[in-house]
Amino acid sequence: MVHHIETRPPFVDHHVTEYANNIPPSLKMKYDPGNEPFLEKHVLRQAMKPFITEEIYNRRKHPFLDPSKYSEDGPMHTICKKLLTKENVEQVGFLDWNSVPGNLNRSFIDKDPFAMRRTPTSVQYVVLSKRFGVKKAVPLWITSPRN
């Protein structure tokens, strides 16, 4: 969700999940010492084999890498720099301006995935604050009297 990607697990039915949890590991992962040692989701691959291409059937699992691949001075970097000004960040009230420029640089220049998680989130807060005229957040102890 941080990177504007909503995940929807394909097997949300609890009966399917319970069944899958009871499948022996030897069916879930295929061990082939001659090639790659493990092939994940073996039983699922076998079930889908008639409906998918050989390329998809043999494809290895890999992590989803997206926003950290945005280029320096590309469209995403440009809009982030435009929105993450000191004035905009301080107007939100709970973002730390001292960390925002560093995160922005680490996101696009150093390709740091952890910084890239923080940068779009900061942009979202700024956009929501500006678009809906949200008042600056202040600590609760400032707005309510102490007992």
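Residues numbered from 1 in each chain as written. Predicted model: local features only at pLDDT ≥ 70, side-chain atom pairs only at ≥ 80, totals over all residues. Heavy atoms only, no water.

Peer 1: Explain the overall build of the chain to me, please; I cannot follow it from the model alone.
Peer 2: Broken down by element type, the chain carries nine helices and two strands. Shown N-terminal to C-terminal, the secondary structure of the chain runs as helices and strands in the order α-α-β-β-α-α-α-α-α-α-α. Counting over 147 residues, the chain shows a buried share of 20%. Just so you have it, the chain exposes about 11,500 Å², and 59% of that area is on carbon and sulfur atoms. (Helix = DSSP H or I, 4+ residues; strand = E, 2+ residues; numbered from the N terminus. Buried < 20%, exposed > 50% of the residue type's maximum accessible area, 1.4 Å probe, protein only. Areas by Shrake-Rupley, 256 points an atom, 1.4 Å probe, with all protein chains shown as cover.)

Peer 1: Hey, could you run me through the pattern of salt bridges in this one?
Peer 2: Side-chain pairing between opposite charges can occur once the charged atoms of the two side chains come close. Considering all chains together, one arrives at three salt bridges under this definition. Residue E90 is joined to K86 by a salt bridge in which the shortest nitrogen-to-oxygen separation is 4.0 Å. Of this pair, E90 and K86 both sit in helix α6 (residues 86-92), four residues apart, which is roughly one turn of that helix. Accessibility expressed as a relative area gives 38% for E90, which makes it partly exposed. (Salt bridge = Lys/Arg side-chain N within 4 Å of Asp/Glu carboxyl O.)

Peer 1: Would you mind showing me how to read the side chain of H77 here?
Peer 2: Mapped onto the elements, H77 comes out in helix α5 (residues 75-83). Excluding anything up to four places from it in sequence, H77 contacts S71, E72, L104 and F108. (Contact = heavy atoms within 4.5 Å.)

Peer 1: Would you mind going over the packing of aromatic side chains with me for this structure?
Peer 2: Aromatic ring pairs are reported here in terms of the distance separating the ring centres and the angle at which the planes meet. Counting across every chain of the model gives one aromatic pair. Taken together, a centroid distance of 5.0 Å and an interplanar angle of 80° make the contact between F94 and Y125 edge-to-face. One end of the pair, F94, is in the loop between α6 and α7 (100-108); the other, Y125, is in helix α8 (residues 113-131), and 31 residues separate them in sequence. Over the aromatic face of Y57 sits the side chain of K49, whose NZ or CZ is 4.6 Å from the ring centroid. (Phe/Tyr/Trp six-rings, centres within 6.5 Å; stacked < 30°, edge-to-face > 60°. Lys NZ or Arg CZ within 6 Å of the ring centre and 35° of its normal.)

Peer 1: Quick question: what am I supposed to make of a nonpolar patch on the surface here?
Peer 2: A cluster of nonpolar side chains, namely L27, V43, L44, M48 and F51, defines an oily patch on the protein surface of about 450 Å² accessible area. For the nonpolar patch, the leading source of residues is helix α3 (residues 42-48), giving three residues. For V43, the position within the fold is in helix α3. (Patch = residues over 30% accessible without salt bridge, like charges linked within 9 Å, V, L, I, M, F, W, Y side chains within 5 Å.)

Peer 1: Looking at this structure, how should I read the nonpolar core?
Peer 2: Generally speaking, soluble globular proteins have nonpolar side chains that are buried together. One finds C80, L83, L84, V89, V92, L95, V100, L104, F108, M116, V123 and V126 forming the largest nonpolar core, which totals 12 residues. Listed by contribution, the elements that provide at least two residues to this core are α5, α6, α7 and α8. Sequence-distant contacts of V123, defined by excluding residues within four places in its chain, comprise C80, L83 and L84. (Core = buried A, V, L, I, M, F, W, Y, C linked by side-chain atoms within 4.5 Å.)

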